[in-house]
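# Working through the structure, step by step
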Amino acid sequence: MADFDPEKFEDKYANYFPELQQAYKNAFNRMNDNYDSELVHAIDQQVLNESEPFYEGEGEFRIELPDNPHGRLSGVLVDEERFEQVLEKHVEEIETELQRVFGFA
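Residues numbered from 1 in each chain as written. Predicted model: local features only at pLDDT ≥ 70, side-chain atom pairs only at ≥ 80, totals over all residues. Heavy atoms only, no water.

## Examining the packing of helix α4 (residues 37-46) against helix α6 (residues 80-101)
For the pair α4 and α6, interaxial distance at closest approach is 11 Å and the crossing angle is 65°. Comparing the axis directions of α4 and α6 gives the class roughly perpendicular. Considering only the axes of α4 and α6, their crossing is right-handed. Between α4 and α6, the residues in contact are Leu39, Val40 and Ile43 and Phe83, Val86, Leu87 and His90, respectively. (Axes fitted to C-alpha atoms, helices over the stretch in contact; angles between N-to-C directions. Helix = DSSP H or I, 4+ residues; strand = E, 2+ residues; numbered from the N terminus. Parallel < 35°, antiparallel > 145°, perpendicular 65-115°, else oblique. Left-handed = near helix turned anticlockwise from the far one by under 90°. Contact = heavy atoms within 4.5 Å.)

Written as structure tokens, this is what we have:
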């Protein structure tokens, strides 16, 4: 675990890149174990690759997604409702992992 500094998180990729990678990887692995791996992989590669984590304060993180996440998906057939459910769960897992990696959970 890195010593977390909210000000350093503003330049997160320079200061916390390994921790961010670990949080995203842990969330991906958990999702891949519990959901359709083809869909989880597509979400990871086509939506979450353009997401942006933000520190909200008091140990809370938020993931900002790119515009039109469902429209970015290709190569996987899934209805929008199911996509939204899995994406929402994946984002929750990332936020939880960020809390864990940075020592808030």
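## Section: the packing of aromatic side chains
Under the criterion given, the structure shown has 14 aromatic pairs. Arranged with centres 5.6 Å apart and planes meeting at 25°, the rings of phenylalanine 4 and tyrosine 16 form a pair that is stacked. Here tyrosine 16 lies in the loop between α2 (12-15) and α3 (17-34) and phenylalanine 4 lies in the segment before α1 (6-9), a separation of 12 residues in the sequence. Between phenylalanine 4 and phenylalanine 61, the ring centres sit 5.8 Å apart and the planes meet at 75°, which makes this aromatic pair edge-to-face. Remark: phenylalanine 61 occurs in strand β2 (residues 60-64) and phenylalanine 4 occurs in the segment before α1; sequence separation between them is 57 residues. Note on phenylalanine 4: relative accessible area 19%, which makes it buried. Three or more aromatic residues joined by ring pairs make a cluster, and in this case those are Phe4, Phe9, Tyr16, Tyr55, Phe61, Phe102 and Phe104. Cation over ring: lysine 12 sits above phenylalanine 54, and NZ or CZ is 4.7 Å from the ring centre. (Phe/Tyr/Trp six-rings, centres within 6.5 Å; stacked < 30°, edge-to-face > 60°. Buried < 20%, exposed > 50% of the residue type's maximum accessible area, 1.4 Å probe, protein only. Lys NZ or Arg CZ within 6 Å of the ring centre and 35° of its normal.)

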